[in-house]
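# Report on the structure
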Amino acid sequence: MALQAKPVAVTLQDLKDGIHTRTNLQTAGNIPFETLQQAFGPDSLGILIVKDVPQEFPKLRHQALSYASYLGNLPKDELDKLENAAAKYLTGWSLGKETLKDGQVDTFKGSYYANCAFYVNPTLECAAPTPEFSPETFPEYLSPNIWPPESVLPGFKPAVTDLCRLIIDTAVLVARACDRYAEQEITGYPKGYLEHVVSTSNTTKARLLHYYPQQAAGTDDGEDDWCATHLDHGCLTGLTSAMFIDEQAADPTVPVTADKPSSTLPPLDELAASPDPSAGLYIKSRTGETVQVKIPRDCIAFQTGEALERITAGRFKAVPHFVRGVRASVSNGKIARNTLAVFTQPNLGEEVDIDQHLTFGEFARGVVSKNTVS
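Attention here is on the structure that accompanies the text.

What counts as what
- Residues numbered from 1 in each chain as written.
- Predicted model: local features only at pLDDT ≥ 70, side-chain atom pairs only at ≥ 80, totals over all residues.
- Heavy atoms only, no water.
- Helix = DSSP H or I, 4+ residues; strand = E, 2+ residues; numbered from the N terminus.
- Buried < 20%, exposed > 50% of the residue type's maximum accessible area, 1.4 Å probe, protein only.
- Polar contact = N/O pair within 3.5 Å; in protein donor to acceptor, adjacent residues only side chain to side chain.
- Contact = heavy atoms within 4.5 Å.
- Axes fitted to C-alpha atoms, helices over the stretch in contact; angles between N-to-C directions.
- Parallel < 35°, antiparallel > 145°, perpendicular 65-115°, else oblique.
- Left-handed = near helix turned anticlockwise from the far one by under 90°.
- Nonpolar A, V, L, I, M, F, W, Y, C, P; charged D, E, K, R; others polar.
- Expected span 1.5 Å × (residues − 1).

Our focus in this paragraph is the side chain of T204. As for its placement among the helices and strands, T204 is situated in the loop between helix 7 (193-200) and strand 9 (205-211). For T204, a relative accessible area of 1% translates into the label buried. Within polar-contact distance, the side chain of T204 engages the backbone nitrogen of Q345 at 3.3 Å. Those residues in contact with T204 that sit more than four places away from it in its chain are A114, N115, C116, A117, I168, V342, F343, T344 and Q345.

Here you go:
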């Protein structure tokens with residue numbers, strides 16, 4: 001079993017407080033620069049836990065992650081309507097469309113991508129086109145959201161968007177702290193750049209994940225069979241803790257009502273803890289060691305991505321990571337794992353490499369072109 005690592009943690013209030021100088025030590029908010037280096041720097045695990053988040057977070061998390069099970073258990077014909085092959089499934093639903101290591105098709109998890117342009121403009125359902133990027137040339141970022149109809153999955157859209165807004169609000173504060181560090185440490189770093197990127201982005205994406213219960217006859221081979229080791233290519237990835245559900249005890253099928261559909265579906269019962277201690281998030285440390293990181297249920301975690309590494313000229317490093325679901329030998333066809341990741345990213349025309357004048361659109365297109373979709 002991999003070692004467990006304790007990630008660096010700060011409070012939301014520490015992020016909100018203004019910049020101070022304490023005994024000649026510069027801080028970002030109430031966060032010493034040393035803390036940011038420990039969380040995101042070259043020798044770090046590339047993850048920061050934010051504690052004491054808004055009191056509505058636990059309810060929003062429980063509601064949205066319950067919908068991952070409801071969504072994943074919709075009839076196939078309804079799920080097929082939520083697919084967008086032209087966008088390489090980076091908008092809407094997919095299952096069995098992603099390849100893992102050795103060309104293995106991923107049938108373990110269902111994925112639902114939502115564009116979070118609504119954060120800056122409620123009328124937007126995808127990134128705004130630019131002279132260089134259009135829906136025809138870059139559908140991965142310029143295809144509108146495909147929300148399940150209210151008649152099929154009532155309450156899904158507000159459950160997802162409300163949680164995403166809270167996570168992005170928190171990401172803005174983390175970005176502000178990173179800016180204060182970068183302004184001191186990087187010559188020519190534009191003041192407030194990362195906060196501007198995160199707070200004004202119309203390219204940020206959310207990914208709601210449903211790791212299906214696996215049958216006991218399944219294989220438990222391979223440490224990263226559930227989500228191959230990878231780097232996120234955005235700036236800061238906001239993560240909820242995983243929600244584990246016994247889908248035989250808590251029925252994830254959408255209730256059928258005789259009259260008009262409900263405005264929201266009831267949250268599903270969450271297990272007190274994972275029945276499989278090996279399930280969860282794993283990070284490849286800077287020394288090549290694999291460690292498991294657990295996110296507390298009432299906290300939000302933020303991981304570094306490749307765009308942040310470029311923006312900070314390597315002061316903060318992207319982190320290789322992977323996910324394991326509940327092993328088949330433990331799940332016995334019952335236990336699902338649900339989570340939400342929010343990838344905060346620059347607008348398509350904004351630079352992620354100031355020296356090379358590389359825009360995020362150019363960078364993201366290169367990353368997307370390497371993805372293999374079945």
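Looking at the secondary structure, you find T290 in strand 14 (residues 290-293). Overall, T290 belongs to the buried group, its relative accessible area being 17%. In terms of polar contacts, T290 uses its side chain to reach the side chain of K284, at 3.3 Å.

Once that is clear, we can look at the packing of helix 3 (residues 57-72) against helix 6 (residues 156-185). One way to put it is that helix 3 packs onto helix 6 with a least axis distance of 9 Å and a crossing angle of 135°. Relative to helix 6, the element helix 3 lies oblique. When you trace helix 3 past helix 6, the crossing you get is left-handed. Seen from helix 3, the contacting residues are F57, L60, R61, Q63, A64, Y67 and L71; seen from helix 6, they are F156, A159, D162, L163 and L166. Split by residue class, the contact of helix 3 with helix 6 holds nine nonpolar, one polar and two charged.

Taking 1.5 Å of rise per residue, the 16 residues of helix 3 would be expected to cover 22 Å, and the 23 Å separating its terminal C-alpha atoms lies within 8% of that figure. Burial of helix 3 is extensive: 13 of the 16 residues sit out of reach of the surface.

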